[in-house]
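Read off the chains here:
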Amino acid sequence: METRFPTACSNCCAAQSAATTHAALVAAVTAIDGLEASIGQANSSMDWMWLLLGGALVFFMHSGFALLEVGSVSVRNTQNILFKNVVSPTVSAVLFWAFGYSIAYGNGCDDSVSGFMGSSCYWFMADENIVTDTGYDGGWYAGWFFQWAFCATASTIVSGTVAERVVFKVRQSPLSRS
């Protein structure tokens, strides 16, 4: 069998081929590392979006509870029930922001630290993990929204159990009077 290149040239070509292959492998590994980093960021963003979507779906349970409660009470208590269903998530948002999140997550507002009745992170702003070099970490707020949605829904369920038993006086507008 006849070779096209002399032996010295084939050794030279083999060395160049090995160097080219090594450089290609290094470039591929670098590209894969960059791809893994961007996949990690996308996964984090998708986790946040899932928390926001789940929280929104739980929050929309309020409208279902409002309709259920209005259908279960007499007409004269309709405005009272609807007002309670608006006030309940509003008040629960302020109280959960101020105290509830810290109580739920204990000391340090960190999943790695267990505790009850946390001593830090009241008003949700005391922990340095929330603020990063680029601003606020959106994952903390998505988590807060998801947990608050359940807190607010629980308070709305309680308001439905006391419908027509506890009266929350609502100032009626002149248009609503018959």
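Residues numbered from 1 in each chain as written. Predicted model: local features only at pLDDT ≥ 70, side-chain atom pairs only at ≥ 80, totals over all residues. Heavy atoms only, no water.

Chemist: Honestly, the packing of aromatic side chains in this entry has me stumped. Any pointers?
Modeler: The description of an aromatic ring pair uses the distance of the two centres, along with the angle that the planes make with each other. Counted according to the given criterion, the structure contains seven aromatic pairs. Ring centres of F96 and W144 lie 6.0 Å apart, and the angle between their planes is 45°; on these two criteria the pair is classed as tilted. Residue F96 is located in helix α3 (residues 78–105), and its partner W144 is located in helix α4 (residues 138–161); the two are separated by 48 residues in the primary sequence. Both residues of the pair, F96 and W144, belong to the buried class. Here the aromatic rings of W97 and W144 are separated by 5.2 Å at their centres, their planes lie at 80°, and the arrangement is edge-to-face. (Phe/Tyr/Trp six-rings, centres within 6.5 Å; stacked < 30°, edge-to-face > 60°. Helix = DSSP H or I, 4+ residues; strand = E, 2+ residues; numbered from the N terminus. Buried < 20%, exposed > 50% of the residue type's maximum accessible area, 1.4 Å probe, protein only.)

Chemist: What's the story with the packing of helix α2 (residues 61–72) against α3 in this structure? I'm lost.
Modeler: Two quantities define a packed helix pair, namely the angle between the axes and the distance from one axis to the other. Interhelical geometry of α2 versus α3 gives an angle of 160° and a closest axis separation of 9 Å. It follows from the interaxial angle that α2 and α3 lie roughly antiparallel. The two elements α2 and α3 meet at a crossing, and its hand is right-handed. Where α2 abuts α3, its residues H62, A66, E69 and V70 lie against T78, I81, L82, N85 and P89. Considered class by class, the residues forming the contact of α2 with α3 number five nonpolar, three polar and one charged. (Axes fitted to C-alpha atoms, helices over the stretch in contact; angles between N-to-C directions. Parallel < 35°, antiparallel > 145°, perpendicular 65-115°, else oblique. Left-handed = near helix turned anticlockwise from the far one by under 90°. Contact = heavy atoms within 4.5 Å. Nonpolar A, V, L, I, M, F, W, Y, C, P; charged D, E, K, R; others polar.)

Chemist: So what exactly am I meant to see when it comes to the nonpolar core here?
Modeler: In this structure, A93, F96, Y101, W140, W144, W148 and A152 together form the largest nonpolar core, which totals seven residues. Per-element accounting of this core gives the leading share, four residues, to α4. Setting aside its immediate chain neighbours within four residues, W148 contacts F59, P89, S92, A93 and F96. (Core = buried A, V, L, I, M, F, W, Y, C linked by side-chain atoms within 4.5 Å.)

Chemist: What should I look at first to understand the packing of α2 against α4 in this one?
Modeler: One can describe the packing of α2 onto α4 by two numbers: an axis separation of 10 Å at closest approach and a directional angle of 5°. The angle between α2 and α4 falls in the class roughly parallel. Side by side, α2 and α4 meet where M61, H62, F65 and E69 of the first sit next to A149, A152, T153, T156, I157, S159 and G160 of the second. Tallied by class, the residues present in the contact of α2 with α4 amount to five nonpolar, five polar and one charged.

Chemist: Mind showing me how you'd approach unusual backbone geometry here?
Modeler: Working note: non-glycine residues mostly have negative phi, and peptide bonds are mostly trans. The backbone of E164 sits at a positive phi, close to 65°, despite the residue not being glycine. Tracing the chain through its elements places E164 in the segment after α4.

Chemist: Would you take a moment to explain α4 for this structure?
Modeler: The periodicity of an α-helix, 3.6 residues per turn, causes residues three or four positions apart to be oriented the same way. With 24 residues, α4 ought to run about 34 Å at 1.5 Å a step, and its terminal C-alpha atoms sit 35 Å apart, in line with that. Listing the buried residues of α4 in full gives G139, W140, A142, G143, W144, W148, A149, A152, T153, T156 and S159. (Expected span 1.5 Å × (residues − 1).)

Chemist: Any chance you could explain the side chain of T153 here in plain terms?
Modeler: Here T153 is to be found in helix α4. We classify T153 as buried; its relative accessible area is 5%. With sequence-adjacent residues up to four places away left out, T153 is seen in contact with V58, M61, H62 and F65.

Chemist: Sorry if this is basic, but what is going on with the environment of A163 here?
Modeler: Of note, A163 is situated in the segment after α4. Remark: the alpha-carbon pair of A163 and K84, spanning 79 residues in sequence, is separated by 9.4 Å. If we ignore the near neighbours within four places in the chain, the residues touching A163 are V73, I81 and K84.

By themselves these figures say nothing about function.
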